[in-house]
Every structure is written in C-alpha cells, then in structure tokens.
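Coordinate inspection notes
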Amino acid sequence: MKRLLIENIKVITMEGDYIIPKGYIYIEDNKIVKVKEGVYEGERDNFEVIDGKGCVALPGFINCHTHIPMTLLRGYGEGLPLMRWLNEKIWPFEARLTEEDIYNGALLGIIEMIKSGTTSFVDMYFREDTIAKACRRANIRGFLGSPIIGDMWERQIDETLSLYDEFKEDDLIKIFIAPHSPYTCSFETLKKVGEIARNYKLPIHIHIAETKDEVNIIREKYNKTPFEVCKDAGLYDENKVIAAHCVYLNDDDIIMVKNYDFTVVYNPQSNMKLASGVAPIVKMMENGINVALGTDGASSNNNLNMIDEMKSASLLQKLSFNDATALSAYDTLKLATVNAAKAIGMEDKLGKIKEGFLADIILIDFNKPHLNPPTDIYSNIVYAANGSEIKTVIINGKVVLKDYKLLDIKENETILNANQSFIKVIERL
Ligand SMILES: CSC[C@H]1O[C@@H](n2cnc3c(O)ncnc32)[C@H](O)[C@@H]1O
Ligand SMILES: [Zn+2]
C-alpha cells in the first residue's frame, strides 16, 4: 500500500466553509483516509511526506468543458464570432489533424491544466482514444466524449460505444456521450443519443444556446428554443446532462431544465472572446440549477487556467447584474469543485477534501506577494491568484507536480512536439 502524508497544511475542505487552520491529510493509495487539525502522531515508516508549510490545500479543479487538443489552435482564428470562427478557420484546420497532432495537443493542454491546478476535465473532441492515452501518460482524470456531429452520427455512436467498452473499468477515464449541439445534430440524432445514454448510463456533454445565431437557426427550423428541441427529443429524460454555454435561455427554459439532472457549464472567457453574450448564471443558481465552470478550448479563451476562469466568472456576473454581491468568491470556488463533481456524478468521491474521497488535491503556495495578507483566502484564490502559485498536485493519490515541477512528463519536449504539430497542420492547409 502507498502512503502519503501532507502535514503543516491549511485545508479548504469545500465541506460547507469548513477550513482546517493547520493540520494534516493522510492518504492511502488513491483515497483520503484522514483530514484532521493538529499533528499526525502515527508511525511514519514507508511514507511519502510533503511539508505543506505556507500552503493551502484545495480539492483539484474540475474543468467541465474543454476540447483539449485545441491548444494547437491557440491564437489561431482570432477576432471572429462563433459561426465564422468555426466555418472559416477552426473546422478546416481540424480536418487536417492527425492522431499524432491530437496526442501532442492533448498532452500540452493536460500539462497546462495540471500546472494551474486542474485534476479532472470533461472533454469533447475527435480521437478520444488518443486523448485517453495522453490522460494515462499524465495521470489526469478524463471524462471523454467522442463527438456526434453531422451526417456520420451512426458511426460516431458506435465509436462512443466501443470507447465505453474499452474504458468501463478504468480508474481515471470515463466515457461520456457528446452530441455537439442542437444546430449540428438532427432531431433524429438527438433522439438516438438520448436512448443510448439511458441504456448505457452515459452522461451527455453538449453545447446548447451559445449564441443568438444558434437561437435564430433553431427557431427557423423548429419554431422552438434549443432547450425545447433537446427536451422534445427526449435528451434529458432519465439522463445526466452537462450543457456548455447556455447563454440564451428564457424563464420557461430555466423552469424546464431545473426539473432534470441538468448542469449548466459557464464558459465566461470563451463567451466574452467570441462576443457570444453573458449567461445569466446568478438567475439560474437562484432557480436551483447546478452550475459548473469550464474554459472551453484554448482557441476561444486562450488558456485552460481555471483560476483565471473563476475570476472572470465572478466579475462578469457582478458586472452583468450590477450587483457586487453576485457570485461570491466562495460560490465561484464551488463551481470549479463541488458543483462540478455533481455535474459528472462524482459528488460522493470528488470536489471536497474529505475522508473516503479520492485524493485529488492541490497545494497553493501562499508565500507570494500577491496572496498576502491572507485576510480572505477564498477571495485571494479567486481574485488575486493566477495559477502560478500551484506548487503541488496530487491526482488519484499520485503526486504529479511537486515543487512546481512535473514529475513524469518532459515539459520542453511536449511544447516542442505541439509546436511542430502546429507547423505541419498549417503546411497541410
Ligand atoms: C466535434 S468535437 C468539438 C467541436 O467543437 C468545436 N468547438 C470548439 N469550441 C466550440 C464552441 O464554443 N462552440 C461550438 N463548437 C466549438 C471544436 O472546434 C470541435 O470541432
Ligand atoms: Zn465548446
């Protein structure tokens, strides 16, 4: 059995607002066995010990909406709104990606995420089998959905089912079903996806109501809102749904989705960058809808940093509702941890530092000028931190980042490979 002890540590448990001012976290294999105030007094033979002095422990962040290999498209297709961005720049580039490029982009994204405190991500992209390999290489949790989009949907559903077969016993990888959106999937496709999700108990990961253009396209085709179309196709019935964006929803949509197991994933930076709009997150939360947080792909953000995203998330709601009390720092932290764990059906295993939970933990180094004085640690993490303070990252009980250094992955080589992939794709265009 592997034993890991983190001592002299302040712990933000995310169990209510319970903070342990100075204590220890004791981990056996991949589970948290003890979280306690004070000094560990048991025996110490065969232990890995981390001194957490000056650090704050937090559950690892769960990025609930990504397209991880899109790190290769960082800075590509700048300055366009969604539909032009996709049609003119992104989709032609993606059509030329090889499996190797996808692996290189995924590994680059994964190390960027680990170094900024993310320990799980919910992804939608081509070749999730390859992305799973990158997850295993880096020891990160991936909730992976192979896209269902356009006319090839029957073959794409088969792909999802074979991935499900391959990974159903996996510790780190879980397979989701991922219809791209109501504007790129037919009604028949959405119906079939709903059925498959029910039969195999696969959570659904989809984009809904991201832009006004989408709402207009759907209104013209169906005379309904995007949320109504998905409901009428039976997508929500008995299924767990994780819907990215949800910028444009009316009061009836809000009342409708709150009756289902439905999580809205707020992507503030992507929505600002593509000028898609501001999702009414405060209103959704007041109505009891679960809200989580995602970065979206690196091409519409342009990073995968959840600390950065939290700051935008909170500030944008305050500005949009003209209310400084809106989306507090603590509630914003919940979007990236507790609410995210609920979104992926892991609320009894992830999102808190709690006995019996999986050991996905990050240590934030508060010995930094910009994090002092530590008057309000929630506010310092959400508004003052920038990700560069993530000193140690533990995923599934394994230390993957220690003293700011990745233990198992060569960072420079990963960067080089991704840059070479980008150049090769451009040559193929
Ligand atoms: C078919 S895999 C996922 C697909 O989605 C594209 N994408 C990336 N960001 C967005 C977004 O904000 N809205 C809609 N689609 C998006 C990505 O480029 C892939 O083609
Ligand atoms: Zn997206």
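Keep in mind that what you see is a predicted model, and the values were worked out from it rather than measured.

Describing the site of ligand 1
Around ligand 1, the structure places 17 residues, and the nearest of them are His-67, Ile-90, Met-124, Pro-147 and Gly-297. Per-element tally for the shell around ligand 1: the top contributor is helix H1 (residues 82–94), with four residues. Split into classes, the residues belonging to the shell around ligand 1 amount to eight nonpolar, six polar and three charged.

Quick notes on unusual backbone geometry
Residue Asn-302 is bonded to the preceding Asn-301 through a cis peptide linkage, with omega at 10°. In this structure, Asn-302 sits in the loop between strand E13 (290–293) and helix H11 (306–320). In this structure, Asn-46 takes a positive phi of about 55° despite not being glycine. Relative to the helices and strands, Asn-46 is located in the loop between strand E3 (31–37) and strand E4 (47–51). For Asn-46, a count of 8 C-beta atoms within 10 Å puts it in the exposed group. In this structure, Arg-127 is a non-glycine residue whose phi angle is positive, near 55°. Relative to the helices and strands, Arg-127 resides in the loop between strand E7 (118–124) and helix H3 (128–138).

A look at the UniProt feature "binding site: substrate" (unreviewed entry) in the chain
According to UniProt, the feature "binding site: substrate" (unreviewed entry) maps to Glu-94, His-180, Glu-210 and Asp-296 in the numbering used here. Here Glu-94 is to be found in helix H1. Looking at the element boundaries, Asp-296 is found in the loop between E13 and H11. Given 26 C-beta atoms within a 10 Å radius, Asp-296 is considered buried. Other than its neighbours up to four places away in sequence, Asp-296 contacts His-65, Thr-66, Asn-267, Ser-270 and Asn-301.

Overview of the UniProt feature "domain: Amidohydrolase-related" (unreviewed entry) in the chain
Per the UniProt record, the feature "domain: Amidohydrolase-related" (unreviewed entry) sits at residues 57–400. Summarising residues 57–400: 42% helix, 19% strand, and an end-to-end C-alpha distance of 15 Å.

How each quantity is defined
Residues numbered from 1 in each chain as written. Chains lettered and ligands numbered in written order. Predicted model: local features only at pLDDT ≥ 70, side-chain atom pairs only at ≥ 80, totals over all residues. Near = placed C-beta within 6 Å. Helix = DSSP H or I, 4+ residues; strand = E, 2+ residues; numbered from the N terminus. Nonpolar A, V, L, I, M, F, W, Y, C, P; charged D, E, K, R; others polar. Buried ≥ 20, exposed ≤ 12 C-beta atoms within 10 Å, placed from the backbone. UniProt positions renumbered as here; feature names shortened; annotations may be inferred. Contact = placed C-beta atoms within 7 Å.

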